[in-house]
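This is what each chain is made of:
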Amino acid sequence: MASMERKHEICSPFIQRRNPLRKTSAEIVNEARQSLRVQSTRRPFTPRDGHRQLFGKSSVRADRDNRPPSTFSLHAQNFDAPDSRPGSGTRLSPLDHKPTFPVVCDAEDPFKAFPKPPADPLEVKRGLPGARARLFRAGSLTMLPPVEGHIDVKERSNPGPGQKQSSKGLPSTDHKPGPHRTASESRITQPGVDSGVRPTECGAGRRTGLGNGDNTTNTEGDAELVVWNNMIAPVLQQLESVAAGSSEGSLDRLCDLCDGLHGALAGADMLGRRCKRRSGVLRTLFRLIDLNSARLNLHIAKLCLALCVSGNNLLNICKLIFQISRSESNDILFQNNSIIDSFLGVLSNEDVSSSGEALLYCVGTLKFLSGNSAILRLLLDKNCVGVAQKLIQRLCKAEDTNFTIAGHILVQLTATLRNLADHPDSRPLFISFSILSELCLVLRYHYKDPDICTNISRIYSKLSSYSECRLALAQTPNCYQLFLELLSKHHQKQDLVVRLLFTLGNLTAKSDEARLQLFQCEGCMDTLLQLYDTYQCRDGLSHLHPRKGLASLSEPQAPSVSVQEDEDVLVKLVRVLANMCIHQAVGPALATNTTCIQLLLETLELRSVQESEELLVNVAATINNLSFYQEESSVLRHSQLTMANLMLKLVLSSSMDAVLEATRVYGNLTQSKDVRDFIMQNKVHQFVVTLLDSKSTEMCFSACGVLTNLALDPPNRVSLSAEGAAAKLVDCLRDFGPGDWQLAGQVCQALWNMTGGSEKLLESQERQSLLEILTPYLEEEALKWIENEDMRDFHKACWEIEFLPVAQKLMKILQAEVRTA
């Protein structure tokens, strides 16, 4: 009876099985060196695009005629004056009644009897005829009249006859007085009056014409006029004077004057749309753009945005900033200028329907600047992530008529967020502003747009490497189903596919819940295996290895890309499979999936370790995980000899990673008598014995597992002993035992099987050395050899569960053999 019990103990194969009755310490040990391996891989590399364009060369936006350009020319004549904000777009219902006028019309000239608007003193002095006024209204800004307010009060009330230039040195018109303009002409060209339909704050200072005798508005207007003449007009005059000259240092002077003008307007509370003579300021600023200085143009743009330009002028200012940002040499200008705050304000306040193209160029600027590490830090400090979140929400609510421009903006915005994600300080912001969830919403709205989807996949690829970001993404409802749908729809776009697969691999690396949720998604395995089949390179070998009826994706098939790119997809995809099958419910299902096993074996057959090392290592790890499940329905169980044969190329390769994974696979496969015979017949056991000389504890542990199973068969024990296996196992125990009690326990198990039965395969010297090693190891004092106090509980658990039981049994048999010797 005792001999039967002993025989049963000897025949225990090497494989770590799950035991739900184990205590917490045993669970810790089991997690320390699982036979089911989680795979890691490199994040896909994204080369930097050296050309700053709205849409790079990899963009799939084929209709280049309808997408906004990255290059254009801007001049003063491209701007409108006076600046006006376009209407809201909501048309008012017409009034039911027609107004009646108390004035009787002249039969010959119906308009003669209508009251005329009061003539502007400046316009009377200039004497502009109506036709000339219309010319200025429609013509280029280089032909605009001089800025209002540049003539002092005395000269305005007493203009000299034939005067051509004011005392301030500014050019003046020499037109003769002409007839009054019509009401519409006067309204369009009056200084400080918007041509838009919305009232502005500066309207509060105008006469109401009610005749109530209240002169408060006159007082306010006089006060503003004093400020204008004393503070604003002189600066405008100097700007025009300096701009007209070409002296050295004039550029610096113009920049300083722009800053001075900005400060003066701010101090007088005339920023925004408050100033009545705002159009005059804008005219002067627009003329300076023709000087074509990037530094000056940034100062001009900042001031124009502070004056709340709108419509075409807002678009052109955003284009101007975008144009400057296209050159990396201008990045320093943005660091030394608060313009970033200005266009972040544009992104926060402007509406997609009315200012969509302006927002596009504004975000395009952000995309370029965020590639600069110094500016990237500034953008984070200025709440760029928060601004992006709000903009995303507005873009996702855009009406169908604005869907295209919203998509263009999102291409730039997601590329900006991709750059921001590079900075470690951005991760808490991405989480606090729920950016990862917001981007899933974008994917749902714009799932047909490959550019947007690819940019977001790059963001997820970067951030999913961090636990806090993985958690935030995993908590987003239906994210796994969304990723699978995108993989199916965009299966031809390799750069998108590889990043989504990398993200799924990260999500399933540490979370059992994620493994199950992904597997339970509709069409999960069909999508993954169809991708596997599509990217399985069979060039040159298709006549030897037909596809065996595997399902393929709908036509057309994946585009012809480099073998390396296809392989990168497979590396990430196989990693997902390896991680998924760790789950106890998923693993057995995958082990019975014939298509999955066929694809894995085909990869081993088609590829060489020299050319596809990482891929084959991942495939071997997946097979190792699947071979853990030995149910009768397992496809691997019926293909063990095929796998054992394919593993030979890995074991005999120069890649230690490949050798390690193949050895782990043999550790599971050698539970089969047929596989053990195959290994002995092909002399693989000789190679496994040499692995005990490795300095890697992982390699020694896996080799010990194979030897433990091989020693189940008595004939194999003699062959192993002849190869010096026992002596190497004793050396391994001496070298690694005190630092790895789990490995020490596996060494003892291998020695126990080798010394089983009546054979005395250990030499007397080996037995004596083994006794000398085991004696101190079996004392609790051995636990004090661990210097790291934080690891002592873990090592104690390994010592008690993995090492002590088998070492005590081995000690008894050795002592018995010594007594009978």
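Criteria and thresholds
- Every chain is numbered on its own, with residues counted from 1 as its sequence reads.
- Per-residue local features are limited, in this predicted model, to residues with pLDDT of at least 70; the limit for side-chain atom pairs, both in listing and counting, is 80 or more; totals at the level of whole chains, interfaces and linings are taken over all residues.
- Calculated side-chain values reflect all of the structure's heavy atoms, with hydrogen atoms and water omitted.
- Every case where a carboxyl oxygen of Asp or Glu lies within 4 Å of a side-chain nitrogen of Lys or Arg is listed as a salt bridge.
- Secondary structure counts use DSSP, requiring at least four H or I residues in a row for a helix and at least two E residues in a row for a strand, with both numbered from the N terminus.
- Three labels apply to residues, based on accessible area from a 1.4 Å probe with only protein chains included: buried if under 20% of the type maximum, exposed if over 50%, partly exposed otherwise in between.
- For the purposes of this section, nonpolar cores are sets of buried Ala, Val, Leu, Ile, Met, Phe, Trp, Tyr and Cys residues that join through side-chain atoms within 4.5 Å.
- We call two residues in contact whenever any of their non-hydrogen atoms come within 4.5 Å of each other.
- Patch building starts from residues that exceed 30% relative accessible area and form no salt bridge, then joins like charges within 9 Å and nonpolar side chains (Val, Leu, Ile, Met, Phe, Trp, Tyr) within 5 Å.
- In these tables, accessible area is a Shrake-Rupley quantity obtained with a 1.4 Å probe, and a residue counts as shielded only by the protein chains included in the view.
- Lines fitted to the C-alpha atoms define the axes, with helices restricted to the stretch that makes contact. Angles between their N-to-C directions range from 0 to 180 degrees.
- Roughly parallel covers angles under 35 degrees, roughly antiparallel covers those over 145, roughly perpendicular covers 65 to 115, and oblique covers all other angles.
- Crossing chirality is assigned from the near helix's rotation relative to the far helix, an anticlockwise turn below a right angle marking it left-handed and a clockwise turn marking it right-handed.
- All residues other than Ala, Val, Leu, Ile, Met, Phe, Trp, Tyr, Cys, Pro, Asp, Glu, Lys and Arg, Gly among them, are scored as polar; the first ten of these are nonpolar and the last four charged.
- Pairing of aromatic rings covers Phe, Tyr and Trp, the last through its six-membered ring, and needs centres within 6.5 Å; plane angles under 30 degrees mean stacked, over 60 mean edge-to-face, and all others mean tilted.
- Directions pointing from the helix axis toward each C-beta atom define the arc.
- By the criterion applied in these results, polar contacts are pairs of N or O atoms within 3.5 Å in which, for protein atoms, one can donate a hydrogen and the other can accept it, and in which residues neighboring in sequence qualify only through two side-chain atoms.
- Multiplying 1.5 Å by the residue count of a helix minus one yields the expected span of that helix.
- pLDDT measures how confident the predictor is about each residue, on a scale from 0 to 100.
- Cysteine sulfur atoms that come within 2.5 Å of each other are treated as a disulfide pair.

Visitor: Just checking my understanding: could you explain the pattern of salt bridges for this structure?
Guide: One pass over the full model with this rule turns up 21 salt bridges. Between Lys 302 and Asp 259 there is a salt bridge, with the nearest N and O atoms lying 3.9 Å from each other. A residue pair is termed long-range when its members are at least 10 positions apart, and Lys 302 in helix H10 (residues 294-306) and Asp 259 in helix H8 (residues 250-267) qualify at 43 residues. A residue is classified by how much of its surface remains accessible, and Asp 259, at 35% relative accessible area, is partly exposed. Close ionic contact of Glu 468 with Arg 427 constitutes a salt bridge, the shortest N to O distance being 3.6 Å.

Visitor: In this structure, what is going on with the nonpolar core? I would like to understand it.
Guide: Across soluble globular proteins, nonpolar side chains show a tendency to be buried alongside one another. Ranked by internal contacts, the top residues of the largest apolar core, which has 221 residues, are Leu 261, Leu 285, Ile 623, Tyr 666, Leu 774 and Phe 803. The residues contacting Leu 285, other than those within four sequence positions of it, are Cys 258, Leu 261, Ile 300, Leu 303, Cys 304 and Leu 307.

Visitor: I keep staring at a nonpolar patch on the surface and nothing clicks. Help me out?
Guide: Taken together, Phe 403, Leu 441 and Tyr 445 make up a surface patch of nonpolar side chains, about 260 Å² in accessible area. Take Tyr 445: it is sitting in helix H19 (residues 435-445). Using a relative accessible area of 43% as the deciding quantity, one classes Tyr 445 as partly exposed.

Visitor: Whenever I open this one, the packing of helix H13 (residues 339-349) against helix H16 (residues 384-396) confuses me. Can you help?
Guide: When two helices pack together, their arrangement is given by the angle between their axes and by how far apart the axes lie. Contact pair H13 / H16: the axes reach a minimum separation of 9 Å and the direction vectors enclose 30 degrees. Between H13 and H16, the crossing angle belongs to the class labelled roughly parallel. Of the two elements, H13 crosses H16, and the hand of that crossing is left-handed. Judged by residue contacts, Leu 344, Leu 347 and Ser 348 of H13 engage Cys 384, Val 387, Leu 391 and Arg 394 from H16. Per-class residue counts for the contact of H13 with H16 are five nonpolar, one polar and one charged.

Visitor: Just to check I follow, could you spell out the packing of helix H26 (residues 563-580) against helix H29 (residues 613-627) for this structure?
Guide: One can describe the packing of H26 onto H29 by two numbers: an axis separation of 9 Å at closest approach and a directional angle of 20 degrees. Classified by the angle between their axes, H26 and H29 sit roughly parallel to one another. Judged by the twist between their axes, the crossing of H26 over H29 is left-handed. Judged by residue contacts, Glu 567, Leu 570, Val 571, Val 574, Arg 575, Leu 577 and Ala 578 of H26 engage Glu 614, Leu 615, Asn 618, Val 619, Thr 622 and Asn 625 from H29. Here the residues of the contact of H26 with H29 sort into seven nonpolar, three polar and three charged.

Visitor: Explain the packing of aromatic side chains here, please?
Guide: For any pair of aromatic rings, the description rests on two quantities: the centre-to-centre distance and the angle between the ring planes. Considering all chains together, one arrives at eight aromatic pairs under this definition. Both rings, one in Trp 741 and one in Tyr 777, keep their centres 5.4 Å apart while their planes meet at 90 degrees; by these two values the pair is edge-to-face. Placement of the pair is Trp 741 in helix H38 (residues 741-754) and Tyr 777 in helix H39 (residues 764-777), with a sequence separation of 36 residues. For the pair Trp 741 and Tyr 777, one class covers both residues: buried. Ring centres 5.0 Å apart and planes at 50 degrees place the aromatic pair Trp 741 and Phe 803 in the tilted group. Pair noted here: Trp 741 is in helix H38 and Phe 803 is in helix H40 (residues 792-820), with a separation of 62 residues, a long-range link. The pair formed by Trp 741 and Phe 803 is uniform in burial state, with each residue classed as buried. Pairwise contacts between aromatic rings join Phe 322, Tyr 361 and Phe 368 into one cluster.

Visitor: Before we go on, may I ask you to explain helix H15 (residues 373-381) in this structure?
Guide: In an α-helix, one turn spans 3.6 residues; hence positions three or four apart end up facing the same way. Regarding H15, the residues found buried are Ile 375, Leu 376, Leu 379 and Leu 380. One side of H15 holds all its buried residues, which, seen down the axis, span an arc of 145 degrees. Along its buried surface, H15 packs onto helix H12 (331-335), H13, helix H14 (352-369), H16, helix H17 (403-420) and helix H18 (426-432). Where H15 begins, the side chain of Asn 372 points an oxygen toward the backbone nitrogen of Ala 374, at a separation of 2.9 Å.

Visitor: What is the right way to look at the side chain of Thr 708 in this model?
Guide: The residue Thr 708 is located in helix H35 (residues 697-710) in this model. Looking at Thr 708, its side chain comes within polar contact range of the main-chain oxygen of Cys 704, at 2.7 Å.

Visitor: Quick question: what am I supposed to make of unusual backbone geometry here?
Guide: Comment: phi is negative for the bulk of residues other than glycine, and the bulk of peptide bonds are trans. Its identity as a non-glycine residue notwithstanding, Asn 478 has a phi of 60 degrees, on the positive side. Mapped onto the secondary structure, Asn 478 falls in the loop between helix H21 (467-474) and helix H22 (479-489). Of note, the phi angle at Lys 683 is positive, near 60 degrees, even though the residue is not glycine. Positionally, Lys 683 belongs in the loop between helix H33 (673-681) and helix H34 (684-690).

Visitor: Honestly, helix H23 (residues 494-510) in this entry has me stumped. Any pointers?
Guide: Across its 17 residues, H23 extends 26 Å between first and last C-alpha, which sits within 8% of the 24 Å expected from 1.5 Å per residue. Of all the 17 residues making up H23, 16 are buried; the element is thus mostly covered by neighbouring parts of the structure.

Visitor: Please explain the confidence of the model for the protein chain as it appears in this structure.
Guide: Detailed reading of the predicted coordinates is not advisable wherever pLDDT is low. Across the protein chain, the average pLDDT comes to 78, with 70% of residues at or above 70. Put simply, helix H6 (residues 183-189) is where the protein chain has its lowest mean pLDDT, 34, and H22 is where it has its highest, 97. Confidence over residues 15-33 falls short of pLDDT 50; this stretch has 37 contacts with residues more than four positions distant or in other chains. Counting interchain partners and residues more than four positions distant, the pLDDT-below-50 stretch residues 84-92 has 15 contacts.

Visitor: What exactly am I supposed to notice about the state of the cysteines here?
Guide: The tally for this structure, following the rule as stated, stands at zero disulfides. Take Cys 258: it sits in no disulfide, and the sulfur closest to it among the cysteines is that of Cys 255, at 6.6 Å. Classification of Cys 258 as buried rests on a relative accessible area of 2%. Cys 732 supplies the cysteine sulfur nearest to Cys 700, a cysteine that is in no disulfide, at a spacing of 3.9 Å. Judged by relative accessible area, which is 0%, Cys 700 ranks as buried.

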